[in-house]
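# Coordinate inspection notes
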Amino acid sequence: MSAITASGDVKPASSARRSGQKIRTLPFIAPSVLILLVWMIVPLAMTLYFSVMRYNLLNPVVEFTGLGNYQYLLEDPSLWTAMWNTLVLVGSVLAITVVAGTLLAVLFDQEFPGCGIARLFAIAPFFVMPTVSALIWKNLLMHPINGIFGFLSRSVGLEPIDWFAQYPMASVIMIVSWQWIPFALLILLTAIQSLDNEQKEAARMDGAGPLSMFFFIILPHLGRAISVVVMIETIFLLTVFAEIFVTTSGGPGLATTNLAFLIYVRALLEFDVGGASAGGVIAIILANIVAFFVVRTVARNLEA
Amino acid sequence: MSSAKSGVLSFVLGWGAALLLFFPILWMLLTGFKTEVEAIATPPTLFFSPTMENYQAVFQRADYLSFAINSVVVSVVATALAILIAVPAAYVMAFFPTKRTRGTLLWMLSTKMMPPVGVLVPMYLLFRDFGLLDTLTGLVIIYTLMNLPIVIWMLYTFFKEVPPEILEAGRMDGARAKQEVTLLLLPLALPGIASTSLLSIILCWNEAFWSLNLSAHNAAPLTAFIASFSSPEGLFWAKLSAASTLAIAPILVFGWMSQRQLVRGLTFGAVK
């Protein structure tokens, strides 16, 4: 009996066995497993293979170069800039979305007139496709001449900001955070609502004010949900692409080039298959460090 | 703080935050009904007589519809395929767990952790060699694979909620596995299958890494079409807004409809 069934519903398997109707599970599960196995192994093996080859699509000669691509990449300052940018982007968006998401979740946990509708409005940005949100922000909001932000700063007597020229990374962070705050809100609100009302009531009876309620009851309860939000967002944020593609194209200079965009440039604009693959391997290693923790957390939940 | 006062406070803060987050979408919606001149006017036009000309212009561009159809076809077919492949696997894992089930589930989850950019190069070359670049078939394959782990997981958690006694009774009456699934399990788990499909459609519809890199004019879905507005010669804000509104409207409705179940799918059941 597997750990999954330890949660109390041991019945299905045991009764299936009792009635002597053990079915052969392999044919049912084989298609999914095979497909995922191929999907995982083939591209991974190819990436690893190309990463040790000198291979440019413009040059018919393909030759083994060992760790040459890695060496070249690691000595190339643009890799480190891209790594740093990736970290800044992931870190800032995580901080913003978790803090804002927690505060908003507490807020939307309250009952107020129209709170159901307000919640729908607040989570809407999550369902907007990345290319749309990037262009809406770039043009309608952040454009220095015709955008709303420019208008607002002029109306209070300030110079309008040319966002993507002056603060390119901050601009990308704003757009990506806007997309992910609703995600944090949605998950954390669900977690708060699973909190026992009696527990909250008891704390209130004991004279806990709103602040101590938040720090001693709600926040500890949210701990696990927050770690889930952090991990899942990290997986997606490590490879933010469309938002950069339509706003800054990685620039000015390398200011907004993250690892994903650098690999894209190497592979599809410079046709350097080997170098891009070595970058891909680095991206996979980074993601796997995070994935390790995600899988561990989910696994713990399966046993609970 | 009296409860009436705190009620007013949460009303003001709650609606304030909601409208602030929704503002970019609202502004896009409004801009879609302005003329191009009003769209870039500063100070921004708040009162205007709404025009449908942008929507007409968008629909008159023959290619808009073909991009929209690409999005629909790719999302729906990839979702249907993923469900078809996932149902049998989720069924046996939910009702006939073995000691390998837990490991299998976690392994499937871990395949979702592969960053797409890590395998961009081989996928691009494979697509090129098999003639799949810029084809709907290619995108369907990618999207099916991309969502398969999430679909299996969600179906698994929904199937676990179906009382096994019902399936067992059917089995006693001589139902074979196939009948058991199609006649008993699927109808009982229909709401779960529906929200799994919705989540998969949402993820396919909004996917913008593979669509930007592996499709061009023929197979490009709406994500790639909208990206073409980023080129300088394409700066028509009112038309961009109208096209964007059309592109996000159905998915926004789907997302609102399935927000509860979505949490489960997006967190692999870790938050319920």
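Residues numbered from 1 in each chain as written. Chains lettered and ligands numbered in written order. Predicted model: local features only at pLDDT ≥ 70, side-chain atom pairs only at ≥ 80, totals over all residues. Heavy atoms only, no water.

### Here we look at the overall build of chain A
Helix and strand content of chain A: 14 helices and two strands. For 304 residues, the compact-globule estimate of 2.2 N^0.38 gives 19 Å, and the C-alpha radius of gyration of chain A, at 25 Å, exceeds that figure by more than 25%. With respect to the three principal axes, the spread of C-alpha positions in chain A is 75 × 70 × 30 Å. Residues classed as buried in chain A amount to 54% of the 304 residues present. When contacts within chain A are restricted to residue pairs at least 6 apart in sequence, long-range pairs at least 24 apart make up 69% of them. Put simply, chain A has 15 plus and 17 minus side-chain charges, and the middle of one group is 13 Å from the middle of the other. (Helix = DSSP H or I, 4+ residues; strand = E, 2+ residues; numbered from the N terminus. Rg over C-alpha atoms; globule rule 2.2 N^0.38 Å. Buried < 20%, exposed > 50% of the residue type's maximum accessible area, 1.4 Å probe, protein only. Contact = heavy atoms within 4.5 Å. Lys, Arg positive; Asp, Glu negative; His and termini not counted. Charge placed at Lys NZ, Arg CZ, Asp CG, Glu CD.)

### Some words on the layout of surface pockets
Within this model, the second largest pocket holds a volume of roughly 380 Å³. If you trace the second largest pocket, you find 16 residues lining it, with Trp137(A), Trp178(A), Ile181(A), Leu20(B) and Leu21(B) closest to the centre. Those elements that place two or more of their residues in the lining of the second largest pocket are α4 (77–109), α6 (130–141) and α9 (168–193) of chain A together with α1 (3–31) of chain B. (1 Å grid on protein atoms, 1.4 Å probe; cavity = no way out; pocket = protein on both sides within 12 Å on 5 of 7 lines; lining within 4 Å. Points joined across faces, edges and corners; volume = space filled by probe spheres on them.)

### As for the pattern of salt bridges
According to the stated counting rule, one finds five salt bridges over all chains in the structure shown. Residue Arg266(A) pairs with Glu270(A) through a salt bridge whose shortest N-O separation is 3.1 Å. Residues Glu180(B) and Arg171(B) are paired through a salt bridge, measuring 3.0 Å at the closest nitrogen-oxygen approach. Per residue, the accessibility class of Glu180(B) equals that of Arg171(B), and both read buried. One connected set of salt bridges, linked through shared partners, spans Asp76(A), Arg266(A) and Glu270(A). (Salt bridge = Lys/Arg side-chain N within 4 Å of Asp/Glu carboxyl O.)

### Focus on the interface of chain B and chain A
Taken residue by residue, the interface counts 108 residues in chain B and 108 residues in chain A. Carbon and sulfur atoms supply 80% of the area buried between chain B and chain A, which totals about 9400 Å² over both sides. Here chain B and chain A share zero salt bridges between them. For the interface between chain B and chain A, the tally reads seven residue pairs in polar contact (both at pLDDT 80 or more). Taken together, the residues of the side of chain B that touches chain A break down into 78 nonpolar, 21 polar and nine charged. (Buried area = accessible area lost by both parts, 1.4 Å probe. Polar contact = N/O pair within 3.5 Å; in protein donor to acceptor, adjacent residues only side chain to side chain. Nonpolar A, V, L, I, M, F, W, Y, C, P; charged D, E, K, R; others polar.)

### A look at the UniProt feature "transmembrane region" (unreviewed entry) in chain B
All names here are of chain B. Annotation from UniProt places "transmembrane region" (unreviewed entry) at residues 7–30, 67–93, 105–127, 139–159, 180–203 and 236–257. Counted over residues 67–93, helix gives 100% and strand 0%. Its end C-alpha atoms are 38 Å apart. Structurally, residues 105–127 is divided into 65% helix and 0% strand, and its ends, taken at the C-alpha atoms, are 29 Å apart. (UniProt positions renumbered as here; feature names shortened; annotations may be inferred.)

### Focus: helix α11 (residues 210–237) of chain A
Counted at 1.5 Å a residue, the expected span for α11(A) with its 28 residues is 40 Å, but the 33 Å between its end C-alpha atoms falls short. At Gly223(A), α11(A) is deflected by roughly 50°, the largest bend along its length. (Expected span 1.5 Å × (residues − 1). Bend = angle between axes of the 7 residues up to and from the residue.)

### As for the UniProt feature "transmembrane region" (unreviewed entry) in chain A
All names here are of chain A. The sites that carry the UniProt feature "transmembrane region" (unreviewed entry) are, in the present numbering, residues 26–50, 82–108, 120–137, 169–192, 213–238 and 277–299. Span residues 169–192 is 100% helix and 0% strand, its end C-alpha atoms 33 Å apart. Segment residues 213–238 splits into 96% helix and 0% strand. End C-alpha atoms: 34 Å apart.

### Structural notes on the side chain of Arg266(A)
Topologically, Arg266(A) is positioned in helix α13 (residues 259–269). Residues contacting Arg266(A), with those up to four places away along its chain left out, are Leu73(A), Asp76(A), Ser78(A), Phe271(A), Asp272(A) and Ala276(A).

### Quick look at the UniProt feature "domain: ABC transmembrane type-1" (unreviewed entry) in chain A
UniProt's entry tags residues 83–294 of chain A with the feature "domain: ABC transmembrane type-1" (unreviewed entry), counted in the numbering of this structure. This span, residues 83–294 of chain A, is 76% helix and 0% strand, and a straight line between its end C-alpha atoms measures 21 Å.

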